[in-house]
Amino acid sequence: MSTTIDLTRDEIESIDSARQIDDILGMPDHLRDALWRVESANLEPYDAPGGLVVAGMGGSAIGGALARAALGDRASRAIVIARGYALPPWTTPDTTVLCSSYSGNTEETLAVHEAAGALGARRIVATTGGKLADAARAEDVPVIPLPGGFQPRAAVAYSLVVALEVAWLCGAGERLHAEIDVAAAHLEQIVETWGPAAPGDCLSKELARGLLGTIPQIAGSGLTSPIAYRWKTQINENAKMPAFAHELPELDHNEIVGWQGASQLGRFSAVFLDDSDLHPRIRQRIELTRGLIEAEAAGTYRVESIGQNRTERLISLVLLGDLVSLYLAVLRGIDPTPVPAIERLKSALARG
Ligand code: F6R
């Protein structure tokens, strides 16, 4: 564990054997390529009065949650994320079900794909292949093909854009096509500010050093709620550390009390994900909460999204969290890409 290294590209590459850093830095291109892939699938817009269910797990589910946040009050029908084996009980044939699985072999998503078919709901699949692609092709379900070669979690820009475009296609939200294009251009600049070529004391590297040796608690609200969850899961999978996510204002009604015993139990840190468009009382709560837990925390941080439109602000914080998690892995001397615990669990389940 080292806080002295500068997190230069050479230092990163000596640990990041699969060069996940390049997948993270490639996010602007992924956004544009994803738009092109959805367009190339030639899906016609239609109206689904039953709203949209995005079914998926882990790195393939988060895009749906981020899409719902990017839309905000521009969503016109319910958008629900189904992380599990079942559809929400109120799903009807009028609901669109987007089955999102990077590998195409995730059993929960396969089960939902089948359940949606049995119900007669309209299905769309996003995957690189696997059993999901086979099942979709056998039943004439349209497939949005994702590019291979990534860890599922590194394809987040794809799952975000696919969910946004499908939300528009089925009448659940406004089209954010132009906003995504602007976000991609904007992100190219941010990559320079926080990427490996940035100075050793830039925000992303300083944050990683600050969180090192602590158990991070990430807090979001509204637009930043699913981003907080993304930070948590990226820290889990890339840095192989426990991390937890919660949201404001709810955490002010429970978690804030738990901080009272924090320093006796371990080194906990808190990161508050801020956005200029959050409710003014939430922004006030961030500062007040931070002040109340400070003495018990190993560190507290407030980071604000960057950009004009909602999509660019959302993606700026997703990028920051991805970089922080990868830098944390490097500081810990741990290869960010392999996730042996997930693989072991999936193999054990496959054995029956
Ligand atoms: C691995 C990862 C996982 C997977 C999840 C579902 O990088 O992020 O959370 O996304 O196990 O697998 P897929 O995405 O293949 O359906």
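First, a word on what this report is: a plain description of the structure on this page. Each chain carries its own residue numbering, running from 1 in the direction its sequence is written. Reporting in this predicted model follows two pLDDT cut-offs: at least 70 for local features of residues, and 80 or more for side-chain atom pairs to be given and counted; totals over whole chains, interfaces and linings ignore these cut-offs and use all residues. Side-chain metrics rest on all non-hydrogen atoms present in the structure, leaving aside hydrogens and water.

Helical segments are the DSSP runs of H or I of at least four residues, strand segments are the runs of E of at least two, and each set is numbered from the N terminus. Take the residue count of a helix, subtract one, and multiply by 1.5 Å to get its expected span. Compared with an ideal rise of 1.5 Å per residue, which puts 14 residues at 20 Å, helix α3 (residues 27-40) spans 20 Å between its outermost C-alpha atoms and is within 8% of the ideal. If you check which residues of α3 are buried, you get Met27, Pro28, His30, Leu31, Ala34, Leu35, Arg37 and Val38. Looking at the residues trailing α3, positive phi occurs at Asn42, about 55°. Each residue's exposure class comes from its accessible area (1.4 Å probe, protein chains only) as a fraction of the maximum for that residue type: buried when under 20%, exposed when over 50%, partly exposed otherwise.

Between α3 and helix α7 (residues 156-169), the shortest axis-to-axis distance is 8 Å and the interhelical angle comes to 35°. Once α3 is placed against α7, the crossing between them reads as right-handed. When α3 is examined against α7, the residues Met27, His30, Leu31, Asp33, Ala34, Leu35, Arg37 and Val38 are found in contact with a partner set consisting of Val156, Ala157, Tyr158, Leu160, Val161, Val162, Glu165 and Leu169. Three residue categories are used. Nonpolar comprises Ala, Val, Leu, Ile, Met, Phe, Trp, Tyr, Cys and Pro, charged comprises Asp, Glu, Lys and Arg, and polar comprises the others, including Gly. The residue inventory of the contact of α3 with α7, partitioned by class, reads 12 nonpolar, 1 polar and 3 charged. Convention adopted: a line fitted to C-alpha atoms gives each axis, helices being fitted over their contacting stretch, and angles between N-to-C directions are expressed from 0 to 180 degrees. Handedness of each helix crossing follows the sense of rotation of the near helix against the far helix: counterclockwise by less than a right angle gives left-handed, clockwise gives right-handed. The contact definition used throughout considers only heavy atoms, calling two residues in contact when any of these lie within 4.5 Å.

This paragraph deals with the sheet that holds strand β6 (residues 215-220). With respect to topology, 4 strands assemble into an open sheet ordered β7-β6-β8-β9, the strand pairing being parallel. Of all the strands in the sheet, the pair left with one neighbour each is β7 (244-247) and β9 (299-304). When the angles between neighbouring strand axes are averaged without regard to direction, this sheet yields 20°. Pairing between two strands requires that DSSP report at least two bridges joining them. As paired elements, β6 and strand β8 (residues 268-274) share 5 bridges and run parallel to each other.

Throughout, the term near means that a residue has one or more heavy atoms lying within 4 Å of the molecule or strand in question. Surrounding the ligand, one finds 13 residues, the nearest of these being Ser60, Ser101, Ser103, Thr106 and Arg153. N or O atoms closer than or at 3.5 Å make up a polar contact, with two conditions inside protein: a donor-capable atom paired with an acceptor-capable one, and, for residues adjacent in sequence, both atoms drawn from side chains. Thr106 places a polar side-chain atom, nitrogen or oxygen, 2.5 Å from an oxygen atom of the ligand. Looking at the shell around the ligand residue by residue, the classes come out as 3 nonpolar, 7 polar and 3 charged.

For the rest of this paragraph, the subject is the environment of Val182. Position of Val182 relative to the elements: it lies in helix α8 (residues 177-194). The class for Val182 is partly exposed, based on a relative accessible area of 42%. Aside from chain neighbours lying at most four places away, what touches Val182 is Asn309 and Glu312.

With that settled, consider the pattern of salt bridges. The rule for a salt bridge is simple: a side-chain nitrogen of Lys or Arg has to be within 4 Å of a carboxyl oxygen of Asp or Glu. Counted by the stated rule, this structure contains 21 salt bridges. A salt bridge links Glu39 to Arg175; the nearest nitrogen and oxygen atoms lie 4.0 Å apart. Of the two residues, Glu39 is situated in helix α3 and Arg175 in the loop between α7 and α8; the sequence distance between them amounts to 136 residues. For Asp274, the salt bridge goes to Arg302, with nearest N and O atoms at 3.0 Å. Placement of the pair is Asp274 in strand β8 and Arg302 in strand β9, with a sequence separation of 28 residues.

Spatial strand order, β2-β1-β3-β4-β5: 5 strands in an open sheet with parallel pairing. Each having just a single partner strand, β2 (79-82) and β5 (143-145) make up the two edges of the open sheet. Sheet twist, expressed as the average angle between the axes of neighbouring strands with direction ignored, equals 20°. Alignment of strand β1 (residues 52-55) against β2, held across 4 bridges, turns out to be parallel. If you follow Val54 over to β2, its bridge partner there is Ile81. Those strands touched by helix α5 (residues 107-119) are β1, β3 (96-101) and β4 (122-127), and its axis lies near 160° from that of β3.

So, about the state of the cysteines. Cysteine sulfur atoms that pair up within 2.5 Å are treated as a disulfide. Scanning the model with the defined rule gives 0 disulfides in all. Considering cysteine sulfurs only, Cys170 is the nearest to Cys99, which forms no disulfide, with 13 Å between them. Judged by relative accessible area, Cys170 falls into the buried class, the value being 0%.

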